[in-house]
Amino acid sequence: METQRCPMCGRPNPPDVEVCQYCEARLKPLWAEPSEESSAAIEAGITKSKPALEPEEPLLPDWLIASREQLTGEEPSQPQEAEEEEFLLPPEEMEINNFLGELFSDVPAEEKEEDVPEWLQVLRNEKPPAPETSPTSAGSEQEESMPFWLGFESSEPEEALTESTSAQEKVSPFTGIPFEGIDFDTDFLSLGEKAQSEGEAQPDFQPSVSPFEGVEPFLLEEEGLPQSPSPEEVSLRAEETTPPPVEGDWMNEIPPWLETLPGQEWEESEAPEKEMPPEFLQGVVPPFVETEEELSEIEFPDWLTQVEGTIEPELEAVIDNLTPPTIEMLAEQEEGEGILPEEPEATPPHEDIPVEVVGPLHGLRGVLPAEPMVAEQKKPSKALSELLVTDKQRAQAELFLRIIAEEGKPKPIPTSRRARPHTLWRGLILLALVIAAVIGYLIYPFSTVPQELSVGVFDAMQAVNQLPAQASVLLIVDVEGSDFAEMQATTAGMLDQMMIKGAFFVLVSANQNGALQADRLLREVSRLNGHQYKPSSGWVNLGYLPGGAAGMQAFSQSITEVMPGTVEGEAAWKSERLKNIQTLSDFDLVVVITEDSTRARQWIEQLKGHVPASRLVFAVSAQVEPILRPYYEANPRQIQSVLAGIRDGAIYETQAARRGWAMQLWDAYTLVVMTGIALILIGSSVYTLLALLAWRKAKAEREGR
Amino acid sequence: MRLSLPRSPFSILITLLTGLVVLLGYFLDLEPLGELRFRFLQWAVLLAAVALILGVFNLLRVHWGRLRESTSKALYSIALFGGFVLAVLIAGLLGVQHSLTRAVVDYIIVPIEASLFVVILVTLIYALTRLLQNRFSVFSIVFLLTVVFSLLGSIPLLGVEIPFLHGGDSILAFVQRVMGTAGVRGLLIGVALGSVVTGIRVLFGLDRPYGD
């Protein structure tokens, strides 16, 4: 939703309201939006637009610019700028500027002939140039350019108008040659001595006798010169220039003192070929000069030389230290602010000017809306926005820029330190292991079997030995095909002892392949040890028990309900050998055969409480033994025994005096393990040496050797 | 703790009720509670069996999609379909005790799995030989020495028994029985605590492994 923001308080307001809801400031001006035309009408008489400024032009007073230009020999400034200065400055300041500019100017008098004031023209006894326009038109123009309170003076006689018209060409009184012919050194010194002798107090820089003594003081008053008359001039003015009171139309009458001016005769006479001081100034003021050489020959009074000598260095120092905004900057700023039109448009009719209806100006017509001026966004000055950067900050900035530039550059991907796979070495390892296994299996017997009877083997043998004849044994077989050889070697001696006692096996597995592996295990043990065990007569396979731990828990609670049939689809618990089996505790022995530590732990946890610990035996892989050892070494024991790996199987067979599958694999197993150890030691040594050599090589490269 | 409401409140209600019944039936020796607990477990076994069958069909569906897309792995899918059909026909029609079924187990399944195990053995030995080259650190050296001494202690070296490696009073036996057992006990305690926490979270609906 569009909103308009109050220019006074800055808060948003709906777009259709005219005054701010918060501060009641007018949001929409009484006039239309301050377009170029309307803004020109509003600001007419307030601000005068300037023409496009020349670039790199410093903001300096005209008299200083003129002085610089004369020193550098450049052309003087454009007359238009002078007109602007006249427009912007009041007449008094303009006169002072002209006076100062001329005071420090070295321009010859000829170049400033047009600026010779009227009084100086009178002094020069020259005739002012005839106006191009008629006095009436000139007077009308003067009336237009003057305020109303100056319009009363414009109603003077035509002579005065002529004088005023000619007096528009102004010049500083000292740039003329009023001192020509005066020997300031001698005259001023003599006058000074005379004044001191008379006991008159005079300022140090001012001569005791004014060089303009005898000049009619009205000229100074009329031109508004910034000179204070001396007491002598005041007294002289009081005696000679005080006009008598006139009655009637005094504005149209020329006062007697004006008629007696010597300029009246000058005005009528032709312009002299050479400007000469008037008669009353002969010997007092120096003769007028026309060329620069003549001006340079003039010797100014000491006080003026001292003043000029003290002011000029100070001005030059100030100018040198001053860094004014250039005109280009001002031009840019004006472009941002909008250039006002030069010519204002006509004021709208009185009826069209709206009346203020709100606020303290209620009822007033033609109130200037302040919002466009106040809310005008101005750019900050360029000179103020420039940063003052030190060398240290600049160095830091350059460093920061370099860092940013380096971040953007692509970096090479570091080469991986991981060594490439060595296929040949892998092949050698495989070949060595296969050769060791073959040699160990073929060379019979190769090594001695450990004779030490471990605690786990002893407990397992005791549990098997305590089995009654025709015992019922539950075999939980969770074996994968990859570990079948190890598990067969581990359990072969124990199963052989059970078969010898005529045990009847019930097979179950929590593994999908376990049922097939269990069936194969019994077949292999029976075949290797010469038994005649067959399915149905020697064992029943209940198959796969799904559900994981939940299935184990359910199986532990009721084996008959959870696993009612065999993998052949027959009723498992209705056979003659199993008719007395209702729960797990009815089995004479429960043997868990697994190579998975998780499965082993789950079986221990789920069978606990359903099977006496004295009838629970685990035959596991060597890697599972550490997991079961806490259960086995607990007090009281949670399991009867743990047979772990080929080693315990070989020990069991050795203790049972039955050479079985473990004894056949023992030699191959021993030789393969020894080969593996040798490969590990040799390979580790070689690769470590290569790594050290590579490290030394890299270190040498880093050191540049 | 951020709680998110399940899409169906019945699933969490069923989980809460069944879990509490099974848990209470484990601690309380009450006949009706025990019977109810057993029924729930039976249902879980049946559902797990059905889930296994569904998993098999899902596996076939995925490979059927690969066959239709004729991707580069279509050959494996063809092998899977062939093996599945063969196993179903042989074991399902002929039975587990049939000689052909035994032959499939003896000459296909077990040798393949055993060969994969040998590959693992070769890979482990190869990795051990290059362990110090890739990561030469104190822990790498300790790990390598532990493996070597454990293997040496597991077998007799041509009938020669090293005193500190073989025997019940050897250093290796001490490491296996004391240090190994201590570490495993810590692991088991952590597993037990984790199981309790997981069970409680499932019972209270904070964890929903069955989905929303």
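Structural data are supplied above this passage.
Parameters and conventions
Going along each chain's sequence as written, the residues are numbered from 1 onward. Working convention: letters from A go to chains and numbers from 1 go to ligands, in the order in which they are written. Local features are withheld for residues below a pLDDT of 70 in this predicted model, meaning they are given only at 70 or higher, and side-chain atom pairs are given and counted only at 80 or more; totals for whole chains, interfaces and linings count all residues. Note that water and hydrogens are dropped before the side-chain values are worked out from all heavy atoms of the structure. The secondary structure listing takes helices from DSSP runs of H or I that are at least 4 residues long and strands from runs of E that are at least 2 residues long, numbered from the N terminus. The rule is simple: take the accessible area with a 1.4 Å probe, protein chains only, and divide by the maximum for that residue type; under 20% is buried, over 50% is exposed, in between is partly exposed. The working definition used for a salt bridge is a side-chain nitrogen of Lys or Arg within 4 Å of a carboxyl oxygen of Asp or Glu. By definition here, a helix of n residues has an expected span of 1.5 Å times n minus one. Only heavy atoms enter the contact rule, under which two residues are in contact if any of them lie within 4.5 Å. When DSSP finds two or more bridges between two strands, those strands count as paired. Crossovers are marked right-handed if the path from the first strand over the helix to the second runs clockwise, as seen with the strands pointing away from the viewer. Think of a polar contact as two N or O atoms within 3.5 Å of one another; within protein, one of them needs to be a possible hydrogen donor and the other a possible acceptor, and neighboring residues in sequence only count if both atoms come from side chains. Axis definition: a line fitted to C-alpha atoms, limited for helices to the stretch in contact. Angles are taken between N-to-C directions and run from 0 to 180 degrees. Any angle that is under 35 degrees is reported as roughly parallel, and any over 145 degrees as roughly antiparallel; angles of 65 to 115 degrees are reported as roughly perpendicular and all others as oblique. By convention, the crossing between two helices is left-handed when the near helix turns anticlockwise from the far helix through less than a right angle, and right-handed when the turn is clockwise. In the scheme used here, Gly and all other residues not listed as nonpolar or charged are polar, with Ala, Val, Leu, Ile, Met, Phe, Trp, Tyr, Cys and Pro taken as nonpolar and Asp, Glu, Lys and Arg as charged. Patch construction takes residues with relative accessible area above 30% that form no salt bridge. Like charges are linked within 9 Å, and nonpolar side chains (Val, Leu, Ile, Met, Phe, Trp, Tyr) are linked within 5 Å. Using the Shrake-Rupley algorithm and a 1.4 Å probe, accessible areas are obtained, with residue cover drawn only from the displayed protein chains. Once two parts are put together, the accessible area they lose, assessed with a 1.4 Å probe and summed over both, is termed the buried area.

S.K.: Break down unusual backbone geometry for me, citing the residues and quoting the values.
M.R.: Residue and element names in this part refer to chain A. In this structure, the amide linkage connecting Asn635 to the following residue, Pro636, adopts the cis form with an omega of 0°. Of note, the phi angle at Ala657 is positive, near 60°, even though the residue is not glycine. Secondary-structure assignment places Ala657 in the loop between helix H27 (645-656) and helix H28 (661-703). Taking relative accessible area as the criterion, Ala657 reaches 67% and is therefore assigned exposed.

S.K.: A description of the pattern of salt bridges should follow, citing residues and the corresponding values.
M.R.: Using the criterion set out here, one finds 15 salt bridges over all chains in the structure. One salt bridge in this structure joins A:Arg26 and A:Glu18, with 3.9 Å as the shortest N-O distance. As a salt-bridge pair, A:Asp496 and A:Arg658 come within 2.6 Å of each other at their nearest N and O atoms. Taken as a pair, A:Asp496 in helix H21 (residues 484-500) and A:Arg658 in the loop between H27 and H28 lie far apart in primary sequence, 162 residues in all. Via salt bridges that share partners, A:Asp519, A:Arg520, A:Arg523 and B:Asp106 belong to a single interconnected network.

S.K.: Tell me about helix H6 (residues 138-154) of chain B, residues and numbers included.
M.R.: Counted at 1.5 Å a residue, the expected span for H6(B) with its 17 residues is 24 Å, and the 24 Å between its end C-alpha atoms agrees. Burial in H6(B) covers these residues: B:Ser140, B:Leu144, B:Val147, B:Val148, B:Leu152, B:Gly153 and B:Ser154. Its buried side turned inward, H6(B) meets H27 and H28 of chain A together with helix H4 (99-129), helix H5 (131-134) and helix H7 (171-203) of chain B.

S.K.: Account for the pairing of strand S4 (residues 504-509) of chain A, naming residues and giving values.
M.R.: All names here are of chain A. By the criterion of burial, S4 is predominantly enclosed, with 6 of the 6 residues buried. Residues Phe504, Val506 and Val508 point to one face of S4 and Phe505, Leu507 and Ser509 to the other, with burial holding for every one of them. Of the pairings in the sheet, the one linking strand S3 (residues 472-478) to S4 comprises 5 bridges and is parallel in character. The residue of S4 that forms the bridge with Leu474 is Val506. Taken together, S3, H21 and S4 form a β-α-β motif whose crossover is right-handed. Summarising the sheet, S4 and strand S5 (residues 539-544) pair through 4 bridges and their orientation is parallel.

S.K.: I'd like a description of the side chain of B:Ser170, backed by residues and values.
M.R.: All names here are of chain B. Along the polypeptide, Ser170 turns up in the loop between H6 and H7. Within the local environment of Ser170, its side chain forms a polar contact with the backbone nitrogen of Ala173, the two atoms lying 3.2 Å apart. Beyond its immediate chain neighbours, meaning those up to four positions away, Ser170 contacts Pro163, Phe164 and Leu165.

S.K.: Explain the packing of H27(A) against H28(A) to me, using residue names and the numbers behind them.
M.R.: Residue and element names in this part refer to chain A. The N-to-C vectors of H27 and H28 enclose an angle of 130°; their axes lie 8 Å apart at closest approach. With respect to their mutual orientation, H27 and H28 come out oblique. Crossing hand, H27 versus H28: left-handed. Facing H27, whose interface residues are Ile646, Arg647, Gly649, Ala650, Glu653 and Thr654, H28 presents Trp661, Ala662, Met663, Trp666 and Tyr669. Class assignment for the residues of the contact of H27 with H28 results in 7 nonpolar, 2 polar and 2 charged.

S.K.: I'd like a rundown of a nonpolar patch on the surface, residues and numbers included.
M.R.: Where nonpolar side chains cluster on the molecular surface, the patch consists of A:Leu430, A:Leu431, A:Val434, A:Ile435, A:Val438, A:Ile439, A:Tyr441, A:Leu442, A:Ile443 and B:Val118 and spans about 850 Å² of accessible area. The greatest single-element share of the nonpolar patch, amounting to 8 residues, is contributed by helix H19 (residues 423-442) of chain A. Summarising the element assignment, A:Leu431 is placed in helix H19.

S.K.: Explain the sheet that holds S5(A) residue by residue, including any values.
M.R.: Residue and element names in this part refer to chain A. Taken in spatial order, the 6 strands of this open sheet run S5-S4-S3-S6-S7-S8, and their pairing is parallel. Pairing within the sheet leaves two strands with one partner each, and these edge strands are S5 and strand S8 (641-644). Geometrically, the sheet is characterised by an average inter-axis angle of 15° between neighbouring strands, direction not taken into account. Sheet topology places S3 next to strand S6 (residues 589-594); 6 bridges connect them, and they run parallel. By the bridge assignment, Val473 is partnered in S6 with Leu589.

S.K.: Tell me about the interface of chain A and chain B, and please be specific about residues and values.
M.R.: Contacts between the two partners involve 64 residues from chain A and, on the opposite side, 54 residues from chain B. Both sides together, the interface formed by chain A and chain B hides about 5300 Å², and carbon and sulfur atoms give 67% of it. Area buried by chain A at its contact with chain B is led by A:Leu516, A:Ile677 and A:Ile680, which between them contribute 10% of it. The interface formed by chain A and chain B contains 3 salt bridges. Residue A:Glu561 pairs with B:Arg39 through a salt bridge whose shortest N-O separation is 3.3 Å. The tally of links between chain A and chain B comes to 8 residue pairs in polar contact (both at pLDDT 80 or more). Counting only elements with at least two residues in the side of chain A that touches chain B, the list comes to H19, helix H22 (514-528), S5, helix H23 (549-557), helix H24 (559-562), helix H26 (625-632) and H28 of chain A.

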